[in-house]
Every structure is written in structure tokens, then in C-alpha cells.
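# Descriptive structure summary
Here is what each chain is made of, one letter per residue.
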Amino acid sequence: MHAMLGSQTGEHQDASVRSEMSLFDRNADPALDELTELAAVLCNADYAFIGWTDFNRLWFKSRFGFRATEQPRATTACQWMLEKGEPLLITDASKDPRFPPGGIPLAGAEPCLSFAGAPLMSGDQEPVGTLAVLARQPGQFRPEHMTLLEILGRQVVTRLELYKRIRVQEQAQRLRQRVERALAVERTFVAATLDSIPALLAVLDTAGRVVRLNEPCMRLTGLSLADSVGQPFVDEFLEAGDRAWVSDRLRDAAAGQVSGPHETSWRAKGGRARRVSWTLRPLQGPSGEIQYLIVSGQDVTEQREVEQALLSSEARYRDVVENSLGFVFTCTMEGRLTSLNAFTAETLGYRAEALVGRSVTELTDAAGAAVFQDCLNTLESEEEWQGTLRLRRSDGVFRRIACRSRRMELPGEKAFVLNHGMDVTEQYEAQEALHLATRQRELILESVDDGIFGLDMNGKVTFINEAGARTLGYAAAELVGGDLHMLIHHSHADGTPYSKSTSPLLQALRRCEPARMRDEIFWRKDGSAIHVEYSANPLVEEGQVCGMVVAFQDIGERRRLERMKDEFISTVSHELRTPLTALRASLGLIQSGALDKRPEKQRQMIELAIGNCDRLIRLVNDILDFEGAEKGQMPLNREPAEPVDLLRRATDVAHSAATEARIGFRIDANAAPVYADSERVMQVLNELVTNAIKFSPPDTTIRLSAKNGEGGAPGAREVVFAVEDQGRGIAPAQLKRIFERFQQGDASDTRELGGTGLGLALCRSIVEQHGGRIWAESELGKGSKFLFTLPAASGPGPA
């Protein structure tokens, strides 16, 4: 039972890995088909396939020599290979009790007696499928074919991993589109919230210019949003006598101070002035900086007229007060209620007579009591006080009341306090909702790794998230307010000017339509260009386009991965096909008997075939050694070794090639013994000497040297080896990356002189694993010098 549960758990894990890599996609993949055909050709197999398994079936993703798409898993040899997760070689299935006497069944093909397969392992070493070859005859495959299948299997997995990365990028793009839709919904929500507030509400920037007005504010002033945006608040709303001190309050608010309530005359529709009681509050951004100033107010013209009427007629006073839709109440200078209108009592959930005689502080909390006490203290020396009180209803719910309190002194009566207020609870909650909505927008912008910025209709940047500013090399504040085209979109990739009239982004802005570019150039602050993919969508407010939101992504990494894939496939395909073609031609001539009477020519063809076999072996060894070195799995057998012996061995190995190329050697070694793996060091020296022979003209000398490091002083901790030729040299731009994978001194070298581009990269891995360094020095036309260091045997070595 435990074994069965373990098997089911493993199957579920394998299924999860296969699902993550989308292995059950039935569509043909030309790249995998090429690898399958290559496996069949190299192994001289009748059939080959790449397959994925589920609980009871084997699916053929790619196949060679047959047409079936699936087969029961229990009838396949893959069942036994995946059970252990190890390669499987079957030389004669007729003698294997696991299979029928006729051979291994294969759907749509004849039974096979020979089988070789390698499991396809994911990054976490879970088997996800198999690469296998089959032949009708027994004994068709050998262990070297297993090594080849393992190499090709890793290429299959590499391609699957590439597909996985591409899918992740596509998912990120879909997430970005959802964020764009969320931003549009959020802006619509903010606009609807502002317009639903009955209070007057104006959003200003930190310079005091209008950014947004809600509907009640536009009705009062007669201004439209298009006419008011960007205009100074004090000039458009206030009378000349109030502009100076209100400008001071705006500067204080921009510094983070809350002020108000204030009461001033606002210019209203039709030229009439209206009295408005308003407060000024700064709105902070996610980093604590002040982003906007919020002006919220109430039209108190009628209330002020009521107050004037109160002073002229008690009867009129009582009638107006009782019918007022605002808070009107009086209290003693000690804060005890003496009268209140019906609206005040009903709003607080009491009868008026139940409140007369009670202290106002009984209707608030401790903080509210302190505020009201400050009101009474102020009225001892001043005539008026303005502020906000939190009054508790009979059901325990608090209401926020914006109050204006005046000390009244009527002839023959004791001084008292006349209080007039407006219930601003909904206004306050709306401000909180606006702040929350703004904060949500900021969090959405900062939650994505892609850059997002906004443009106004003039192409000016209105906002940008931190990821976008970081990608472009700017601080966000450096971009906001700037001309986008001049900052990041001014030139093509070749440096020629990019006209505003031909810019797809600005064209979409002018036409008020979406735009999407798969490959475009943006310029960073340091002058470097980055390849980006972007999408732009119009920003609509009140049915009119007021700007555009642009989301972009740096696609440089994606392009680099695609180039690496193409280079690797091209290089390995060439390096495999070239010697195989020559090998096949040589053996074909021998087999045909055409050279039976020409033994000298037949010997040349055999030597050519052997040479190409050696070339294939070197290619496979390079790939295997490089992979082991990259994973840190290359074992080192370190022991003291004489540098001069290593250099002589290197020249002995290359003697035949050097003699044929008419090139001589010169050895100059005066160094202490090194503590290293001699065979691995010989790999490095052989690679460097072979390269020197390739790129050296005839009748020149290659100089090999070894000397103590640190100026050649005795007792140095390292020894410096050098291989110097008199060839054509290496360009400075290629010299910087010559030790990277798939790199050679000239792009044509790969075809003319052969090689995978892994040799120098493998040298670097070997030297660095010894704790040394490797580098190259070169000047065009004067040759190249490759140097590397190894620890001296007298210096500190590994235990």
C-alpha cells in the first residue's frame, strides 16, 4: 500500500511538472522533430521518438519512421526506464522476459529488438519524458549511443525550459493588461466618488493649480473642468482681497500643514459672490511626499444670512433657526447648552428639551472635549472660532460637524456662544475614500515590475511608477512634467532623429486610439538604448480623452535568450554534420570497393574517417566537460607539477599539427612547481596551443612561458603561464568576451576553422576551479597572448 501511494504521489508530481512545461501540447514542433531525426541518423535507428507519459499512455510528441501518436504505457520499454529515472539500453528484446518474444511493440511499426533511451529530466531532476531510438535488428546500439542520446535529451529539456520562460513572459503581459484595466476602473471610481460628494471639492497640485473639480463645485462656480484645469485656484475662485493670505495657506499646506475651516467669498456663476466655509488638507503619496492639496467646503451663504437675520429679529431668528438644515445652538461661556434648533436635536437623536442644560462635552469623546474647550478658551479673547467637532448621537455613532462659533454680547444680557455648523461626515468619509483610492492606485502601479507612465494631451509625463523610472535610469521626479519624446523617444536605434510626427506613440495620442509596439527603442538617462515592448491606451474622463496610459517592458533579456538559442543550435548542428558528412563519404567509398585496388587512397580515407570520429569525440567531451565545470562537478586530482614538463608535453602533443603548418615552438620556463591537476592543465594548454597554431601564419614561432607571479620573486604564491603567437590578433571588442560561451575571435572562424566556441570557456572554468585567473592580451596585426595563473606548490594549497 505504501509503495502504491508513493507511486501515485510521484505520478502527481510528474504530472505537475509536465503541466507546468505544457508537455501535452499536440502541435508539431519543428525543432524537436529535427532533434528526433538527428538521433535516428546518428544511431542508425529505424525509429526514434520524443514522448511524454501520463498514468497509462505514452504520447509521441515527435517521431521518426512511424506515424502513431500514442501507445499504452505498459507495453513500452519507457515504462521500465522511467521507473528508475535512468537511461536504458536493450540489445536483444527477444531474450528479455519483460517483452513478448517478437520484440518491443511500437504502435504503427514492426516490433523492435534493439532499444536505447534516455529520460528527459526537468530542472528539479523529475523525469518528464523520454528520447528513444529503436531498431528491428538486435545489437544495433552501443554505450556511446547512450551518451549521444543523453546530450540530445538535455537539448530537448533546454528547449522546453525556453518555452516555459516565454509562457511566463506572456502571463506577465496579461497581468499588465489587467493592471491597466484596473487603473481605468480606479480612475472612473475616483471621478464618480468626487461627483457624488454633496460638498464642494477641488483637487490642487502643490503649486496651487486646479487638477480636478467635482460636480457641485463646477455648478457653483460655473467653471468647466477643461476651463479650470491648470489655472491658479486663488485667481479663479477668490476675491482680490483674499488672495494673498490664501496663497500663504497653500504654501503651508504644500509643506504638510492642515488649515481651516476658513470662510471667504467665492466667485460664483453669474457674477454673484457666495460665502464658502472650506478647509485645506495636504494629500501624501506612498513615500510621504505631498502630491495634492484638497480643498473641501460648504456653501454657507444662506447660513450667514441666517446669522445676520438673528441679530436683527428674535422672532425671525427663531423661525429661521428652527427651519434651518444646519446645526444652530447656543451655549454659555462654560459650554452648557441653552438652546438648539430642531435639526440639531433630530440629527443627534434627541428631543431639544432633553439636551438643554447639558454640557456639550457630554456629547463628544475626550479628544472632542479638548477641541471644544479650546473653542471656549479662544472666545474669551477673540470673537470667532472655527473648527470641527465630533458629536455623538444617541445611538453612539459619531458625526463630524464643521462649526463656526461666535461670542455674542447683547445689551443687558450675559455673553453667550452662538454656534453654527454643517454635518461634514459624508464629506470627510469621501476624502478618506479619495485618499484610499489614490493609495490603491499607487500600490497597483508599484506592484508590477513593468514600467507604467501617464501622458497628458501635450505629451507631458503626468506620472510614472518606480519600476519604469528605474528601467529608464531616472528618478520619477525627473520625468514628471517633462516632454516624453525629448526624454526617452527622440532617436531611432541607429541614432537618427525620431520625428514627433512619425512617433507611433504620439500618433496614437493625437488620434485618441490604442497602440501596441512589439519592438521599439527607448533611451535611458545615460544615453544607452533599450529595446522595449509597450502598449498605450487612452485615458478617458467624462467621455473625453484627457491623456494616455503607457505600459512598457524591457525585452533585452528575451532577445538575448533567443540569440543564445539560435547560436547554440547553429553551432552544434554544424559541428555534428560536418564530420558526419566526411565520415559517411569516407566509409561509403571504402564499402563500395572503389578503393580496393588503391590501398594508399583507402588508407587516406580511413585516416580521414578516424580524424572525423576524433573530432566528434572532442565535441562531445567539450560539451560534457563544460557542463561539469559549470556545475562545479569536475573532479581535480591535484599534485605538484613542474611547469616546464607541462609546456613540453603540450608542444609534443601539437608537434604534428605545428610541423604541417610550418610553425615552431619556443619554451621559456623558470618557475616554481604548481599545485594542480596535470591532465586538466594540459587541457588548457592544448586548447591555447591549438588555437595559436590555427591563427598563426607559416614560418612563425609560438612562445610558451612560465614564470613566478608577483614580479618573478622567489616564494611567489602563483605561477603565470603564457602562450603567445604572431598571428593576426583579436579586435578589442571581441577580446572582452572571448572567454564566454559560443564566442570566437571572428564570426567567420566558426565555419572556416571549426569549433563550438566552448574551448576557451572551458579553459576559464578549469583555471578558476584551481583558484587562478585567465585573460588575453592582443593587438591587431601583431599577435595574441593568452595568460593564466595557477597556485604555486609552495604556496597555500587545498588540504
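Sequence positions are assigned chain by chain, starting from 1 and proceeding in written order. In keeping with the model being predicted, local features are shown solely for residues with a pLDDT of at least 70 and side-chain atom pairs are shown and tallied solely at 80 or more, while totals for entire chains, interfaces and linings include all residues. Derived side-chain values reflect all non-hydrogen atoms in the structure, with water molecules and hydrogen atoms excluded from consideration.

## Focus: the overall build of the protein chain
Stated formally: Under the scheme used here, helices are H or I runs from DSSP no shorter than 4 residues and strands are E runs no shorter than 2 residues, and both carry numbers assigned from the N terminus. Only heavy atoms enter the contact rule, under which two residues are in contact if any of them lie within 4.5 Å. The accessible surface values rely on the Shrake-Rupley method and a 1.4 Å probe; as for residues, cover is taken only from the protein chains in view.
Counting its secondary structure elements, the protein chain contains 27 helices and 28 strands. Within the protein chain, contacts between residues at least 6 apart in sequence are counted, and of these 56% link residues at least 24 apart. Surface summary for the protein chain: the accessible area is close to 39,600 Å², and the carbon and sulfur share equals 51%.

## A short note on the nonpolar core
Selection rule: For the purposes of this section, nonpolar cores are sets of buried Ala, Val, Leu, Ile, Met, Phe, Trp, Tyr and Cys residues that join through side-chain atoms within 4.5 Å. Each residue is placed in one exposure class: buried if its accessible area under a 1.4 Å probe, protein chains only, is under 20% of its type's maximum, exposed if it is over 50%, and partly exposed if it falls in between.
Counting residues in hydrophobic clusters, the biggest one holds 38 residues, and the most contacted among them are Leu646, Val674, Leu685, Phe721, Val723, Phe786 and Phe788. Those elements giving two or more residues to this core turn out to be helix 21 (643–653), strand 24 (674–676), helix 23 (678–694), strand 25 (700–708), strand 26 (718–724), helix 27 (759–769), strand 27 (774–778) and strand 28 (784–791). Sorting elements by how many residues they give to this core places helix 23 first, with eight residues. If sequence neighbours within four positions are ignored, Phe786 has contacts with Leu688, Phe721, Ala722, Val723, Ile730, Ile738, Phe739, Leu760, Trp775 and Ala776. Residues Leu131, Leu149, Leu152 and Val156 belong to the second largest nonpolar core, which totals 26 residues.

## What to know about the confidence of the model for the protein chain
A low pLDDT score tells you not to read the predicted coordinates there in detail. What counts, and what does not: The pLDDT score gives, residue by residue, the confidence of the prediction method on a 0 to 100 scale.
Overall, the prediction assigns the protein chain a mean pLDDT of 81, with 83% of residues at 70 or greater. The weakest mean pLDDT in the protein chain belongs to helix 1 (residues 2–20) at 45; the strongest belongs to strand 26 at 95. Across residues 747–753, confidence stays below pLDDT 50; counting only partners more than four residues off in sequence or on other chains, it has 12 contacts.

## What to know about the pairing of strand 14 (residues 384–392)
Put simply, the rule reads: A pair of strands is considered paired only if DSSP assigns at least 2 bridges between the two.
Going residue by residue along strand 14, you find Trp385, Gly387, Leu389 and Leu391 tucked away on one face and Glu384, Gln386, Thr388, Arg390 and Arg392 left uncovered on the opposite face. By the bridge criterion, nine bridges tie strand 14 to strand 15 (residues 398–408) in an arrangement that is antiparallel. From the neighbouring strand, Leu389 faces strand 15, where its bridge partner is Ile401. Following strand 14, the chain reverses through five residues before pairing antiparallel with strand 15; Gly396 in that reversal takes a positive phi of roughly 90 degrees.

## Some remarks on the packing of aromatic side chains
Definition in use: Two rings belonging to Phe, Tyr or Trp (six-membered ring only in the last case) form a pair when the distance between their centres is within 6.5 Å. Interplanar angles under 30 degrees mark stacking, angles over 60 mark edge-to-face geometry, and anything in between is tilted. Here, over-ring charges are defined by two tests on the NZ atom of lysine or the CZ atom of arginine: distance to the ring centre within 6 Å, and angle to the ring normal within 35 degrees.
The tally for this structure, following the rule as stated, stands at 15 aromatic pairs. Pairing Phe739 with Phe786 gives two aromatic rings, centres 6.1 Å apart and planes at 75 degrees, and the pair type is edge-to-face. Taken as a pair, Phe739 in the loop between helix 25 (732–735) and helix 26 (749–752) and Phe786 in strand 28 lie far apart in primary sequence, 47 residues in all. By relative accessible area, which is 10% here, Phe739 ends up buried. Directly above the aromatic system of Phe398 lies the positively charged group of Arg390, at a separation of 4.3 Å from the ring centroid.

## Comments concerning helix 13 (residues 366–381)
We apply this condition: Multiply 1.5 Å by the residue count of a helix minus one, and that product is the helix's expected span. The directions considered for the arc run from the helix axis to the C-beta atoms.
Given a rise of 1.5 Å per residue, 16 residues ought to cover 22 Å, and the 24 Å separating the end C-alpha atoms of helix 13 matches this to within 8%. Of the positions making up helix 13, those classed as buried are Gly368, Phe372, Cys375, Leu376, Thr378 and Leu379. Each buried residue of helix 13 sits inside an arc of 160 degrees when the element is viewed along its axis, so together they form one side. Facing away from the buried side of helix 13 by more than 90 degrees, the exposed set consists of Ala366, Ala367, Glu380 and Ser381. Of the surrounding secondary structure, the elements contacted by the buried residues of helix 13 are strand 12 (327–332), strand 14, strand 15 and strand 16 (416–423).

## Overview of the side chain of Thr344
As for its position among the elements, Thr344 is in helix 11 (residues 342–348). When its relative accessible area of 3% is taken as the criterion, Thr344 is described as buried. Beyond its immediate chain neighbours, meaning those up to four positions away, Thr344 contacts Gly326, Phe327, Val328 and Phe329.

## Quick notes on the pattern of salt bridges
Put simply, the rule reads: Note on definitions: salt bridges are taken to be side-chain nitrogens of Lys or Arg within 4 Å of carboxyl oxygens of Asp or Glu.
This model, assessed by the stated rule, comprises 34 salt bridges. In this structure, Asp252 and Arg249 form a salt bridge, with 3.3 Å as the shortest nitrogen-oxygen distance. Of this pair, Asp252 and Arg249 both sit in helix 8 (residues 243–254), separated by three residues, roughly a single helical turn. Residue Asp252 is classed as partly exposed on the basis of its relative accessible area, which comes to 26%. Judged by relative accessible area, which is 26%, Arg249 ranks as partly exposed. For Glu409, the salt bridge goes to Arg407, with nearest N and O atoms at 3.2 Å. The exposure class of Arg407 is partly exposed, given its relative accessible area of 23%. The network of salt bridges with shared partners includes Glu263, Arg275, Glu384, Arg404 and Arg406.

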